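The chain contents come next:
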Amino acid sequence: MTPQTAAPRTAPATVPLPAEGTCGAANVEWISALELALLVVSARPDEAATLPAEALAWVEATGPAQTIAIHGAAIAWAPGRAALLVEPTRCEAVRAALIEFGMHDRDLRELEAEVAAGWADLESDAPLAFDFRDRDAERRAGLGERFRRLVALRARLVRLVPHLDRPPLHPPTLASQVGERLRERARMAERAGHLGMQLEVHERVYDLCGQRASEWSLAHRSRGLEWAVVVLLAVETALILVDLLASRGS
Amino acid sequence: MRQPSIDVLRMLAIVMMVVVHFVENLSAWHGAQGDGGLSLDGFWRPTGLAAPLFTFLAGVSYRLWVRGREDRHDSDEAITKAGIRRGLFLIGLGFAFNVLVWLPADVFNWDVLTFIGSALLLLTACRGAPPPVLVLMAVAAVGVSPALRQLADYPSFWTEGFYDPDLTLGDVALGFLCVGYFPVFPWIAYPLAGYAAAPGVFPRPGERGSLRPGLTGAVLVLTTTASVLARRLGMTAPAWFRVQGWTMFPPSLEYVCGTLGMALVLMSLAHQLLDDRGPDSRLARVAGTFSRHSLTIYLLHHAVHVWPLWIWAAWTGADDVTVIWQRALPASTAFGLAVLFLALAYPLCRWLDAPGRRGVEGWMRWICD
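Conventions we followed
Counting starts from 1 at the beginning of each chain's written sequence and moves along it residue by residue. Labels are handed out in written order, letters beginning with A for the chains and numbers beginning with 1 for the ligands. A pLDDT threshold of at least 70 governs which residues receive local features in this predicted model, and a stricter bar of 80 or more applies before side-chain atom pairs are shown or counted, although totals over entire chains, interfaces and linings include all residues. Hydrogens are left out, water is left out, and the side-chain values use all remaining heavy atoms of the structure. Runs of E in the DSSP output that reach at least two residues are strands. Runs of H or I that reach at least four are helices, and both are numbered from the N terminus. C-alpha atoms define the radius of gyration, and 2.2 Å times the number of residues to the power 0.38 defines the globule rule. Burial classes: relative accessible area under 20% of the type maximum marks a residue as buried, over 50% as exposed, and values in between as partly exposed (1.4 Å probe, protein chains only). We call two residues contacting when some pair of their heavy atoms lies within 4.5 Å. Every accessible area reported is derived by Shrake-Rupley at a probe size of 1.4 Å, with residue values counting cover from the shown protein chains alone. By the counting scheme adopted, Arg and Lys are positive, Glu and Asp are negative, and His together with the chain ends is not counted. Note that the charge is assigned to NZ on lysines, CZ on arginines, CG on aspartates and CD on glutamates. Accessible area that two parts lose when put together, evaluated with a 1.4 Å probe and summed over both, is termed the buried area. By definition, a salt bridge exists where a carboxyl oxygen of Asp or Glu is found within 4 Å of a side-chain nitrogen of Lys or Arg. Definition of a polar contact: a pair of N or O atoms within 3.5 Å, with one able to donate and the other able to accept a hydrogen when the atoms are protein atoms, and with sequence-neighbouring residues admitted only if both atoms are side-chain atoms. Note that Gly is not counted as nonpolar here; it falls among the polar residues with everything else outside the nonpolar set of Ala, Val, Leu, Ile, Met, Phe, Trp, Tyr, Cys and Pro and the charged set of Asp, Glu, Lys and Arg. In this analysis, axes come from line fits to C-alpha atoms, helices being fitted only over the stretch in contact, and the angle between any two N-to-C directions falls in the range 0 to 180 degrees. In this scheme, roughly parallel covers angles under 35 degrees and roughly antiparallel covers those over 145, while 65 to 115 is roughly perpendicular and the rest are oblique. For any helix crossing, the convention is left-handed if the near helix is rotated counterclockwise from the far helix by under a right angle, and right-handed if that rotation is clockwise.

**Q** What should I look at first to understand the overall build of chain B in this one?
**A** Counting its secondary structure elements, chain B contains 14 helices and 2 strands. A globule of 369 residues ought to have a C-alpha radius of gyration of about 21 Å, and chain B, at 20 Å, matches this closely. Taking the principal axes of its C-alpha atoms as reference, chain B extends roughly 60 × 55 × 40 Å. Put simply, chain B has 369 residues, and 54% of those count as buried. Here the analysis covers contacts within chain B between residues at least 6 apart in sequence; of these, 76% occur between residues at least 24 apart. As displayed, chain B offers around 17,100 Å² of accessible surface, 66% of which is attributable to carbon and sulfur atoms. Treating the 27 positive side-chain charges of chain B as one cloud and the 26 negative ones as another, the clouds have centres 10 Å apart.

See below:
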């Protein structure tokens with residue numbers, strides 16, 4: 001193995017490096033946009049595509065790792081850490097595929113987390129899809145905000161899905177195969193499908209909430225006019241009643 | 001959650017009310033007018049503020065009570081039923097109070113308890129009305145009152161300087177509507193205003209309050225002050241603007257606008273000054289004690305200073321048991337007795353706070369909630 005010569009980036013102090021010498025002259029790169037520490041190890045063409053045990057242990061320190069070995073390249077992936085063993089001539093393309101996968105995985109995880117966080121709100125808002133009352137008027141702003149957030153989530157998912165569920169490249173390259181294999185291992189297409197179903201439930205509830213709130217708003221406006229008429233009639237009735245009572249008394 | 005500002009204002013109303021009633025009933029009414037109206041002889045005296053403040057705070061408290069029930073996810077039906085029960089309880093208590101304290105002949109004098117009970121029934125019915133409608137109702141109640149009094153011939157009910165109706169259905173109904181001590185018109189304006197203003201002054205956590213109630217109150221106070229001063233300086237108002245003077249009986253336009261403005265300003269100021277300090281300050285604790293038992297104090301203070309008048313007259317064999325009413329003691333002595341009563345009422349209220357003991361408010365909650 002020889003040191004990888006890509007432009008080094010500094011890993012934060014919280015990412016301990018593998019012990020010196022255990023992985024040869026490896027280089028750890030910190031990709032801040034993905035919160036990912038990437039260990040890149042250059043391999044010779046005649047070497048077996050197997051990550052050193054120390055590098056695998058380093059990746060697995062943050063959680064269970066997915067491992068892939070394909071056409072002389074080896075990858076281990078865990079949340080926050082990844083290790084890549086590849087020939088220097090193919091390193092940049094495979095590294096780019098790895099980073100692209102990391103970006104999509106990050107986006108999908110964020111969407112999943114945001115949808116998961118919305119279930120509590122959904123449960124408390126669900127009754128409003130059936131019945132909207134005066135006391136719920138103060139929640140209209142919150143409902144509108146959650147609906148806007150939902151639309152934004154759906155838009156992000158719709159933009160993300162073509163990257164997760166795209167047809168294989170022909171003729172295949174090592175980088176394209178690494179990307180496909182990583183997406184398969186991460187079950188990204190299935191997860192995106194499940195996410196779509198969950199968003200449908202949210203959309204259905206908030207769509208009904210919006211309808212009920214709109215109906216309430218219209219009724220509320222006309223009710224103000226009705227009340228005003230009632231008040232004027234009550235005043236007129238009071239005048240007539242007092243006049244009648246006073247005249248009978250006299 | 002108790003609001004120290006409401007407790008302090010209610011304590012203020014109780015103190016004013018006790019002093020006024022002791023001095024009125026044991027000594028003499030001040031500033032009787034010959035035209036059937038009773039002047040308070042100086043609009044700056046706070047004595048005429050007690051009843052408006054009480055009725056205004058009834059509206060505020062009702063709104064906060066409804067909010068509390070809604071926050072506990074009580075159904076609309078349960079809230080309505082409890083509101084009606086509370087209103088009927090107060091009306092019933094008011095009639096019992098009239099019979100027991102003011103004797104059976106005055107059962108239909110339409111005192112403040114029967115009025116607040118009626119106001120709770122109306123507020124329960126109007127609970128869902130939009131805030132502008134509540135304001136319209138209050139304005140309509142104030143605006144139509146002079147016409148109603150004119151139609152009903154108000155002075156004929158107040159020939160002796162106090163409300164004295166015939167016990168006929170017509171007079172009783174007129175007393176309830178516009179000529180009694182606290183008739184629906186215009187007094188309903190106070191609880192309606194309190195109910196409408198409460199959300200602005202006491203917003204829910206996380207919401208912003210509104211300056212509108214305080215500013216409206218300030219405009220009302222300034223307008224009333226200008227009107228009173230203009231009349232005192234001899235300026236004549238246009239014919240279409242009939243200034244009635246500052247009278248509580250009947251409640252003149254100036255009096256209603258002025259006291260309503262004072263109540264709105266006092267509530268806004270008290271909220272700004274007191275509610276951030278929390279309920280643990282000494283003032284908040286004392287005020288909370290008086291406020292929690294305001295109904296008990298209201299009933300008790302009448303009993304302790306009015307019953308002795310009747311008992312003394314009956315003991316001396318007088319033909320009329322009210323013979324020494326308003327002439328039993330000098331005003332200064334009556335004032336001293338009022339202060340003594342308040343001093344003794346405080347430990348009594350603390351005693352009632354102990355677990356297992358109930359004042360009249362506790363019985364109301366036990367029956368109605």
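Resuming the write-up.
**Q** How do you make sense of the interface of chain A and chain B when you look at a structure like this?
**A** Frequently, the measure chosen for interface size is the accessible area that the parts lose on association. If you look at the interface, chain A gives 18 residues, while chain B gives 28 residues. Taken together, both faces of the contact between chain A and chain B bury some 1,800 Å²; the carbon and sulfur share is 74%. Summed over the three residues of chain A that lose the most area to chain B, namely Arg 135, Trp 227 and Val 242 of chain A, the buried surface amounts to 34% of that side. The tally of links between chain A and chain B comes to 2 salt bridges. Among the salt bridges present, the one from Asp 76 of chain B reaches Arg 133 of chain A, with a minimum N-O distance of 3.5 Å. For the pair chain A and chain B, the number of links is 2 residue pairs in polar contact (both at pLDDT 80 or more). Its residues placed into classes, the side of chain A that touches chain B shows 10 nonpolar, 2 polar and 6 charged.

**Q** For this particular structure, what's the right way to read the packing of helix H5 (residues 131-152) of chain B against helix H8 (residues 189-201) of chain B?
**A** For any two helices packed against each other, the geometry comes down to the angle between their axes and how far apart the axes lie. Residue and element names in this part refer to chain B. One can describe the packing of H5 onto H8 by two numbers: an axis separation of 9 Å at closest approach and a directional angle of 160°. By the angle between their directions, the pair H5 and H8 is classed as roughly antiparallel. Judged by the sense of rotation from one axis to the other, the crossing of H5 with H8 is left-handed. Along its contact with H5, which presents Leu 134, Met 137, Ala 138 and Val 142, the element H8 presents Ala 189, Leu 192, Tyr 195 and Ala 196. Residues belonging to the contact of H5 with H8 are distributed by class as follows: 8 nonpolar, no polar and no charged.

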